[in-house]
Amino acid sequence: MEDGFSSYSSLYDTSSLLQFCNDDSASAASSMEVTDRIASLEQRVQMQEDEIQLLKSALADVVRRLNHSEEQQAMGSRRGPTKARPMIATLPLRPTVNNGTVLPKKGSGTLPSPSGPGSRKDTSTPANKSLSSLSSLSGSTRILYLPLSTVRRANSNEHVGTLTRKDSGDSKGNRTRAGSTGSNSSGKKSDSKQRDPVFNAEEGYVKMFLKGRPITMHMPKDQVDSYCLEARAELPSNKLKLDWVYGYRGRDCRSNLYLLPTGETVYFIASVVVLFNVDERLQRHYTGHTDDIKCLAVHPDKITIATGQVAGTSSDGKHLAPHVRVWDSVSLNTLHVLGAGFFDRALVCLSFSKSNGGNTLCVVDDSNDHVLSVWDWQREDRLAEVKCSNESVFAADFHPTDSNIVVTCGKSHLYFWNLEKGMLAKKQGLFEKQEKPKFVLCVTFAENGDAITGDSSGNILVWGKGTNRISHVIQGAHEGSIFALCMLRNGTLVSGGKDRRLVSWDSSYQQIQTVEVPELFGPIRTIAEGRGETVLIGTTKNFVLQGSLDGEFMPITQGHTDELWGLAVHPCKPQFLTCGYDRQVSLWDSSTHQLIWTKNMEDAAQSAGFHPTGAVVAVGTQTGRWLVLDTDSKDLVTMHTDGNEQLSVMRFGPDGNFLAIGSHDNYIYIYAVAENGRKYSRVGKCSGHSSFITHLDWSVDSQYLVSNSGDYEILYWIPSVCKQVVSVETTRDIEWATYTCTLAFQVFGLWPDGSDGTDINAVCRSSDKSLLVTGDDFGKVHLFSYPCSQFRAPSHAYGGHSSHVTNVTFLFDDSYLVSTGGKDMSVMQWRIV
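All figures in this text were calculated on a predicted structure; none of them were measured in a lab.

*Asks:* Summarise the packing of aromatic side chains; cite the residues concerned and give the values.
*Replies:* The relative placement of two aromatic rings is captured by the distance of their centres and the angle of their planes. Throughout the structure, instances matching the rule amount to 27 aromatic pairs. Each ring, one from Tyr-248 and one from Tyr-267, has its centre 5.8 Å from the other, and the planes form 80 degrees; the classification is edge-to-face. A residue pair is termed long-range when its members are at least 10 positions apart, and Tyr-248 in the loop between strand 9 (240-246) and strand 10 (258-259) and Tyr-267 in strand 11 (residues 264-269) qualify at 19 residues. Overall, the relative accessible area of 1% leaves Tyr-248 in the buried class.

Structure representation (structure tokens):
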């Protein structure tokens, strides 16, 4: 290496450059003439450029030698490393072979590494760091970070596929999201080529790449001769239809519960508006939205509905602006879309006007200024806009007899707006002698036009019609915040709040009666008038209750209140169990769509699995503790602890004699099971993974176990002795009782372009082995044909969830499919048609 440097340094004597660099004769203080100083500076610049060129040339030679050495080393070993190796900084000054792909001379960025783009720590040696700093002298070169395994040439028996993915009409785009760590999101050809699979017919395996990491999947022997990498997979003949949505969003949304003349209760969760006929136990769904719905308004005609959603991201990574959708509740057809490109972040308040036939709609967005805008929604024309407040806005409503007056309230404010000649003029509510509350939380109107507000001090204030002054005060109407006010048709005012009390007031604001909602249901978030004497209540614990002002309230809808991950189906009944971070375990009946029982736990729940008899169910938590519950009585059968990290998978063997528990501490804990799932004794733990366990499947005969981990390993085990099986010939023809592992030959076609290996959260094969379903990070449920062993297999895609889909599973008889949303807290039941 020294010879290379000496050959370059002998080109000219650098001492002259040093002399110039240290010479002060060209400085402004020098006595030289200006022209001489300029000439001297030009000469110095020229020599510095020559020196830079010399350093670049020397660097190029060093890197060329490093490249050559690494290439020889990689070519020398037939198989690439299975673990991530330290990165070598290289400057490919000539094309480099990368799994049969020629890389461009000048890289446009860094190639993906096993640790992921943007997450790689700087582990360079001092020598590498100095090389990196030297290379920055050149604007035309850039360092590429290559895993050692990527310089290996595809061997002669490996066939590289060149397929492109095509989804069905239900799913447009390649399902990559802005900000995704998938390398294809950058659109670089070298990356997309790198992700093409490789088929080795001699050894009978397909190798795919996730985040630059090779994953080898051996196929059954009888499929090797007939397998073709370029063969096209078929779309499944079946499709999914949304049958039922469990849950309601009351925790952080207001005024989102109404009764329609059809007898349907309308509310929303995730990106679905639910129209639920309680008497007939039927649901219909408006699914026009693409992300979280945050507000809802019903037109005076009781047919037209407006809903507003947050900003989102499309399946192909494009920004989706927040907007309002106006739709027909009878036909479920979208009539108008308002404000795409105008609103910012999300929409928080919506209201139709009352007195002019409902021709106008007022909207408040969630921008810093919480812009209030008024629209002629039928013409999709914005009539006026104004900055409402830089603090939170909780409610906006038109005056019932004057469509030019809008009232808004929120943190530290109550404003009366007057629309005139395209301008909104503001009058601030004057609290005068009344102590100003920190939050004005809700507003409604009396029959005579007075505005009525509820606030965080527990007071109800009445504001005289046409004024901004208080005309009446109900001091201490509630203990704590008043979240909801509703004026009934008969002139009775109903208020509800944090104290869980529902209070009714007559037209003189004298209290009529009080009823307290049980603590189980939580504080009252919103109130709506039901049929006859009934009242509907939405609570902060995501219950919808129905009852009367003098009677008992019963839940008609309920759901989880925090992120949802655990899902298990009963092996022989139309039942499924869900659990999540709200420490709540719930057993549901998919036929009646009702909750069978719910049980609160001490720890946040992560996973669940039924015993093959269905008599008990095991629930794994985030703390390493796991419990077994009796399915009929929900009583605790036993409790154990393994490690102190989350338990991602709970899976009983098909014969019911073993339980496998996959943990985030990289171990799989094995328990022997007796007495129909009522007695457990630890066999041991399977040790071999270098990352957390993500998925587990048992063989049909309960003799083998296959596992996936967070670093894309596929390992096989004999669970009865906790030993790893390394023989390919032993494992390749094993028949698996279930397919929930995301990495396997029979399912690798489900991975989308540009995936970073974490995009697919859950997989499930149908009992009849004809369908495969996945839940992904983009809120989509995908339905594939099974087996799914052709790269980039086509699928039907379905929206509804507004968060990552954390789990999916078919019911025992394949009649329905159940999916769970993470942060949207929803459970969706899909009919297979």
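Let's pick the thread back up.
*Asks:* Describe the pattern of salt bridges, and please don't skip the residues or the numbers.
*Replies:* Within the structure shown, the criterion is met by 24 salt bridges. Lys-387 is paired through a salt bridge with Asp-369; the nearest N and O atoms lie 3.8 Å apart. Highlighted residues: Lys-387 in strand 23 (residues 381-387) and Asp-369 in the loop between strand 21 (360-365) and strand 22 (371-376), separated in sequence by 18 residues. Among the residues examined, Asp-369 registers a relative accessible area of 31% and is labelled partly exposed. Connected through salt bridges with shared partners, the residues Asp-196, Asp-753 and Arg-792 form a single ionic network.

*Asks:* Give me the lowdown on the pairing of strand 11, citing residues and values where you can.
*Replies:* Most of strand 11 is tucked away: 6 of the 6 residues are buried. Pairing between strand 10 and strand 11: 2 bridges, direction antiparallel. Bridge pairing links Tyr-258 to Val-266 in strand 11. Two strands pair when backbone bridges link them, and strand 11 and strand 12 (residues 272-277) are joined in this way by 6 bridges, in the antiparallel orientation. Within the sheet, the bridge partner assigned to Tyr-267 lies in strand 12 and is Val-274. Linking two consecutive strands that pair antiparallel, namely strand 11 and strand 12, is a turn of 2 residues; a positive phi of about 55 degrees is found at Ala-270 within it.

*Asks:* Could you give me a rundown of the pairing of strand 40 (residues 564-569), with the residues and numbers involved?
*Replies:* Most of strand 40 is tucked away, with 5 of its 6 residues classed as buried. What sits between strand 40 and strand 41 (residues 575-580) in their antiparallel hairpin is a turn of 5 residues.

*Asks:* Quick rundown of the sheet that holds strand 27 (residues 423-428)? Include the residues and the values.
*Replies:* If you trace the 4 strands from one edge of the open sheet to the other, you get 24-25-26-27, paired in antiparallel fashion. Where the open sheet ends on each side, the last strands, each with one partner, are strand 24 (393-398) and strand 27. The mean angle between the axes of side-by-side strands here comes to 25 degrees, regardless of whether they run parallel or antiparallel. Two strands pair when backbone bridges link them, and strand 25 (residues 405-410) and strand 26 (residues 413-420) are joined in this way by 6 bridges, in the antiparallel orientation.

The rules behind these values
Residues numbered from 1 in each chain as written. Predicted model: local features only at pLDDT ≥ 70, side-chain atom pairs only at ≥ 80, totals over all residues. Heavy atoms only, no water. Phe/Tyr/Trp six-rings, centres within 6.5 Å; stacked < 30°, edge-to-face > 60°. Helix = DSSP H or I, 4+ residues; strand = E, 2+ residues; numbered from the N terminus. Buried < 20%, exposed > 50% of the residue type's maximum accessible area, 1.4 Å probe, protein only. Salt bridge = Lys/Arg side-chain N within 4 Å of Asp/Glu carboxyl O. Pairing = 2+ DSSP bridges. Axes fitted to C-alpha atoms, helices over the stretch in contact; angles between N-to-C directions.

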